[in-house]
Amino acid sequence: MTADAPQPRSAVDWPTLTAAAIEAMHSAYAPYSDYPVGAAGLADDGRIVTGCNVENASYPVGLCAECGMVSDLIRSGGGRLTAVTCVDRAGTTILPCGRCRQLLWEHGGPDCLVLTPQGPMTMTALLPLAFGPEHLDPNHPARGTITP
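Below is a summary of the structure that appears in this document. If you're wondering where the values come from, they're calculated on a predicted model, not measured in any experiment. (Residues numbered from 1 in each chain as written. Predicted model: local features only at pLDDT ≥ 70, side-chain atom pairs only at ≥ 80, totals over all residues. Heavy atoms only, no water.)

### Some points on the nonpolar core
Side chains that are nonpolar tend, in soluble globular proteins, to be buried together. The test is simple: In this text, buried Ala, Val, Leu, Ile, Met, Phe, Trp, Tyr and Cys residues form a nonpolar core when linked through side-chain atoms within 4.5 Å. Here the term buried applies to any residue with accessible area under 20% of the maximum for its type, exposed to any over 50%, and partly exposed to those in between, with areas from a 1.4 Å probe on protein chains only. Comment: elements are numbered from the N terminus, with helices defined as DSSP H or I runs of at least four residues and strands as E runs of at least two. Contact definition: two residues touch when any of their heavy atoms are within 4.5 Å.
M69, L81, V84, L104, V114 and M123 are the most contacted members of the largest nonpolar core, which totals 22 residues. Among the elements of the structure, β1 (38-43), α2 (65-75), β3 (81-87), α3 (98-108) and α4 (123-126) are those that each provide at least two residues to this core. Top contributing element to this core by residue count: α2, with 4 residues. Those residues in contact with L104 that lie beyond four places of it in its chain are M69, L81, V84, P96, G109, V114 and M123. Core analysis: the second largest hydrophobic core is formed by 12 residues, L17, A20, V87 and L115 among them.

In structure tokens form, the structure reads like this:
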């Protein structure tokens, strides 16, 4: 399979994960955009963690549902995300924004699966050439120096 193709994963119960995201979406606080979002993730120990978007009057600094989900992951014991899904008000699968893709990379890594309208895809497919913690290591080859 290519990096762009959907990646099947039979171990993920996508209907259960989607139902958890829908439940979380009903708690969203979205008075400005009127666009409630829910997210649910499967942790590497089998826990399901969830989050919803939370807006505020300083509109651009609201929290995406994925932020709440990662907070729930950390709050409930940490670990790594292995699968994630996000839904809108209608329960339709939606894609994480760019900022949240970076967040999912940090807490799930390149093999974390994200349910997309085209099917499950790895984070590598959704965020190619991602920047990760290894790039902060001064000895990592990707860190290099910039030459004029």
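### Details of the pairing of strand β6 (residues 119-122)
Which entries qualify depends on this criterion: Paired strands, as defined in this entry, are two strands with at least two bridges between them according to DSSP.
Relative to β6, strand β5 (residues 113-116) runs antiparallel, the two sharing 4 bridges. What sits directly across from V114, in β6, is M121. From the end of β5 to the start of β6, which pair antiparallel, there are 2 residues.

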